[in-house]
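In case you want the letters, here they are:
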Number of protein chains: 2
Amino acid sequence: MSKPKLYIVKIGGNVLDDSEALQQVLFDFSQLSTAKILVHGGGKIATRLAERLGVKPEFHNGRRITTAEMLDIAVMSYAGLTNKNVVARLQSFGVNAIGFSGADGSLILSKKRPAEPIDFGFVGDVEKVDADLLKKLIDLNLTVVFSAITHDGNGNLLNTNADTIASEIAIALSEAFETALLYCFEKPGVLLDGDDDSSVISELPHPDYKNLVENGNVHSGMLPKLENCFHALQAGVAEVRVGSALMLTDSKAGTRIKL
Amino acid sequence: MSKPKLYIVKIGGNVLDDSEALQQVLFDFSQLSTAKILVHGGGKIATRLAERLGVKPEFHNGRRITTAEMLDIAVMSYAGLTNKNVVARLQSFGVNAIGFSGADGSLILSKKRPAEPIDFGFVGDVEKVDADLLKKLIDLNLTVVFSAITHDGNGNLLNTNADTIASEIAIALSEAFETALLYCFEKPGVLLDGDDDSSVISELPHPDYKNLVENGNVHSGMLPKLENCFHALQAGVAEVRVGSALMLTDSKAGTRIKL
């Protein structure tokens with residue numbers, strides 16, 4: 001018997017920061033007729049809140065450090081304001097959405113990243129997704145909405161990469177579902193030329209990806225995103241696509257990642 | 001066959017604002033061996049956040065008005081920071097806690113209070129608790145933790161009285177469970193003399209309450225709290241007590257409210 005289909009859709013900052021765009025994306029998401037999970041990043045809400053509170057973001061070589069104060073701000077913004085507003089909007093579209101951090105139901109257990117060689121602060125790397133409980137919640141016709149906050153099981157919340165949360169959830173649920181992982185971001189897909197939105201690569205097998213990296217077509221932020229994609233495919237996720245939110249309504253939109 | 005027992009415990013600001021006291025209360029709560037639900041208010045976190053953001057609280061005859069900006073602050077503080085930290089701490093005590101606003105799973109649907117005669121802003125009065133879904137979550141051995149935020153089903157979040165949320169949940173679940181509703185607050189119980197903590201009334205039947213109100217022993221904030229208690233008893237809640245968090249470990253602590 002074939003497995004039921006499950007979409008895991010990750011939406012990023014560009015959508016979260018634009019109330020009208022968010023409304024459209026959530027509507028399109030609500031129209032997916034199969035089981036589905038939404039994972040959202042933080043967007044600029046946390047940054048703006050930090051600015052208003054006079055909390056200066058700290059960086060190490062361009063990478064953000066999550067201080068105790070920034071963690072509180074992330075929890076308030078991501079798990080509070082964004083998560084609950086997304087849930088309420090999805091409810092208005094008839095989706096029985098239910099919003100979580102990884103601490104809820106201990107659905108995503110993570111481990112604080114070691115302080116050596118660089119101390120990134122209260123950042124967690126995913127250790128375990130409770131696929132069994134997630135499946136039971138899906139079986140109750142609930143649509144889970146995850147914010148990018150997890151916990152360590154010892155009472156501490158941790159800031160966690162939303163792309164990784166999406167891929168780890170997709171992997172964990174691939175035994176029970178035919179999983180499709182969609183990474184929605186500000187570009188229409190993986191571009192051959194980063195400055196040309198019409199240069200979308202429709203299919204990206206791993207050997208081609210290697211070439212693109214060597215030639216410098218794909219670089220910086222796209223590298224960890226695409227590594228997540230290949231990792232998910234290798235670990236059993238049936239389908240992985242990267243592109244704009246058009247992917248929710250057009251199965252040909254975006255870049256399909258392949259092994 | 002007798003119904004299984006379910007505790008609904010509401011904790012207030014005095015506990016939430018004291019990290020050590022909160023840790024003890026959550027530990028005591030974790031030791032309750034029956035099914036249980038925790039409801040928390042906001043405490044001073046939202047007030048402090050508003051002050052730091054330069055948002056002035058607005059009042060009408062001493063009653064707080066929830067402006068759009070204050071609603072965002074309440075959602076961030078209650079449904080975000082407080083709720084997720086409470087959940088993470090309970091997880092560290094081995095309780096599979098899961099944190100919600102009323103929007104999650106549409107567990108608590110409310111209606112925006114009419115703007116006439118006084119516009120209190122984004123405040124919701126509880127319309128419906130989904131007892132069926134709550135029971136299914138309890139059957140999954142999950143311990144639900146509610147923040148005092150609900151939704152109207154049309155995409156809007158609403159600030160809601162935590163005492164009312166606790167009583168409405170207790171009422172809704174009284175068909176399936178033998179419910180015990182515990183209101184933990186800063187006093188050891190209902191006091192005969194508000195200035196004397198040793199004047200706890202151990203049992204308060206409704207006729208005695210009427211006399212206390214007439215004589216002025218019970219007044220101001222205690223009135224709506226106790227009205228909630230009697231309403232809950234009339235609507236099928238098996239046991240209602242008001243007092244300090246000692247009630248979690250001492251069945252004789254606090255004031256037992258009776259019809």
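Residues numbered from 1 in each chain as written. Chains lettered and ligands numbered in written order. Predicted model: local features only at pLDDT ≥ 70, side-chain atom pairs only at ≥ 80, totals over all residues. Heavy atoms only, no water.

Digging into the interface of chain B and chain A
Put simply, an interface is often sized by how much accessible area is lost when its parts join up.
Step number 1: Every contact between the two is made by 39 residues of chain B and, on the other side, 39 residues of chain A.
Step number 2: Carbon and sulfur atoms supply 68% of the area buried between chain B and chain A, which totals about 3,000 Å² over both sides.
Step number 3: Looking at the side of chain B facing chain A, the largest losses of area belong to B:Arg52, B:Met76 and B:Lys84, adding up to 19% of the total buried there.
Step number 4: The interface formed by chain B and chain A contains four salt bridges.
Step number 5: Between B:Glu69 and A:Arg52 there is a salt bridge whose closest N-O contact spans 3.5 Å.
Step number 6: Taken together, the elements giving at least two residues each to the side of chain B that touches chain A come down to helix H3 (45–52), helix H4 (68–92), strand S5 (97–100) and helix H5 (131–139) of chain B.
Step number 7: Per-element accounting of the side of chain B that touches chain A gives the leading share, 14 residues, to H4(B).
Step number 8: A class-by-class count of the residues in the side of chain B that touches chain A yields 18 nonpolar, 14 polar and seven charged. (Contact = heavy atoms within 4.5 Å. Buried area = accessible area lost by both parts, 1.4 Å probe. Salt bridge = Lys/Arg side-chain N within 4 Å of Asp/Glu carboxyl O. Helix = DSSP H or I, 4+ residues; strand = E, 2+ residues; numbered from the N terminus. Nonpolar A, V, L, I, M, F, W, Y, C, P; charged D, E, K, R; others polar.)

A few points about the side chain of B:Asp104
Step number 1: Inspection of the secondary structure puts B:Asp104 in the loop between S5 and strand S6 (108–112).
Step number 2: Residue classification places B:Asp104 among the buried residues on the basis of a relative accessible area of 0%.
Step number 3: Of the polar contacts made by the side chain of B:Asp104, one reaches the backbone nitrogen of A:Gly99; its length is 2.6 Å.
Step number 4: If we ignore the near neighbours within four places in the chain, the residues touching B:Asp104 are A:Lys84, A:Val87, A:Gln91, A:Ala97, A:Ile98 and A:Gly99. (Buried < 20%, exposed > 50% of the residue type's maximum accessible area, 1.4 Å probe, protein only. Polar contact = N/O pair within 3.5 Å; in protein donor to acceptor, adjacent residues only side chain to side chain.)

Points about the packing of aromatic side chains
Step number 1: For the structure on display, the rule yields seven aromatic pairs over all chains.
Step number 2: Their ring planes at 45° and their centres at 6.1 Å tell us that A:Phe100 and B:Phe100 sit as a pair that is tilted. Of this pair, A:Phe100 sits in strand S5 (residues 97–100) while B:Phe100 sits in strand S5, each in a different chain. Taken as a pair, A:Phe100 and B:Phe100 share a single burial class, namely buried.
Step number 3: Each ring, one from B:Tyr209 and one from B:Phe230, has its centre 4.8 Å from the other, and the planes form 40°; the classification is tilted. (Phe/Tyr/Trp six-rings, centres within 6.5 Å; stacked < 30°, edge-to-face > 60°.)

A closer look at the UniProt feature "domain: Aspartate/glutamate/uridylate kinase" (unreviewed entry) in chain A
Step number 1: Feature annotation in UniProt places "domain: Aspartate/glutamate/uridylate kinase" (unreviewed entry) on residues 5–243 of chain A, given in this structure's numbering.
Step number 2: Within the segment residues 5–243 of chain A, helix and strand shares are 38% and 25% respectively, and the terminal C-alpha atoms sit 20 Å apart. (UniProt positions renumbered as here; feature names shortened; annotations may be inferred.)

Things to note about the environment of A:Val95
Residue and element names in this part refer to chain A.
Step number 1: Mapped onto the secondary structure, Val95 falls in the loop between helix H4 (68–92) and S5.
Step number 2: Between the C-alpha atom of Val95 and that of Tyr78, which follows or precedes it by 17 residues, the distance is 20 Å.
Step number 3: Discounting residues that sit within four places of it in the chain, Val95 has contacts with Ser30, Lys36, Leu90 and Thr143.

Things to note about the pairing of strand S8 (residues 143–147) of chain B
All names here are of chain B.
Step number 1: Most of S8 is tucked away, with five of its five residues classed as buried.
Step number 2: Across the two faces of S8 the burial is the same, with Thr143, Val145 and Ser147 and Val144 and Phe146 all buried.
Step number 3: Here three bridges tie strand S2 (residues 35–40) to S8, and the two strands are oriented parallel to one another. Counterpart to His40 in the pairing with S8 is Ser147.
Step number 4: Note that S5 and S8 share four bridges and pair parallel. Along S8, the bridge assignment pairs Phe100 with Phe146. (Pairing = 2+ DSSP bridges.)

Observations regarding helix H6 (residues 162–172) of chain B
Step number 1: Taking burial as the measure, the 11 residues of H6(B) include eight buried ones, the bulk of the element.
Step number 2: Every buried residue belonging to H6(B) is among B:Ala162, B:Asp163, B:Ile165, B:Ala166, B:Ser167, B:Ile169, B:Ala170 and B:Ile171, and all of these are buried.

A few points about unusual backbone geometry
Step number 1: The omega angle of the peptide bond from A:Glu116 to A:Pro117 is 0°, so this bond is cis rather than trans.
Step number 2: Checked against the element boundaries, A:Pro117 lands in the loop between strand S6 (108–112) and strand S7 (124–129).
Step number 3: Even without being a glycine, B:Ser106 presents a positive backbone phi close to 50°.

Describing the sheet that holds strand S12 (residues 203–205) of chain B
Residue and element names in this part refer to chain B.
Step number 1: Strand order in the open sheet formed by eight strands is S5-S8-S2-S1-S11-S13-S14-S12, and the pairing between neighbours is mixed. The open sheet terminates on both sides in strands that have one partner only, identified here as S5 and S12. Neighbour-to-neighbour, the strand axes of the sheet open up by a mean angle of 20°, direction not taken into account.
Step number 2: Looking at chain direction, strand S1 (residues 5–11) and S2 are connected through six bridges and run parallel. The residue bridging Ile11 from the neighbouring strand is His40, located in S2.
Step number 3: The sheet strands contacting helix H2 (residues 19–30) are S1, S2 and S8, and the helix crosses S2 at an angle near 155°. (Axes fitted to C-alpha atoms, helices over the stretch in contact; angles between N-to-C directions.)

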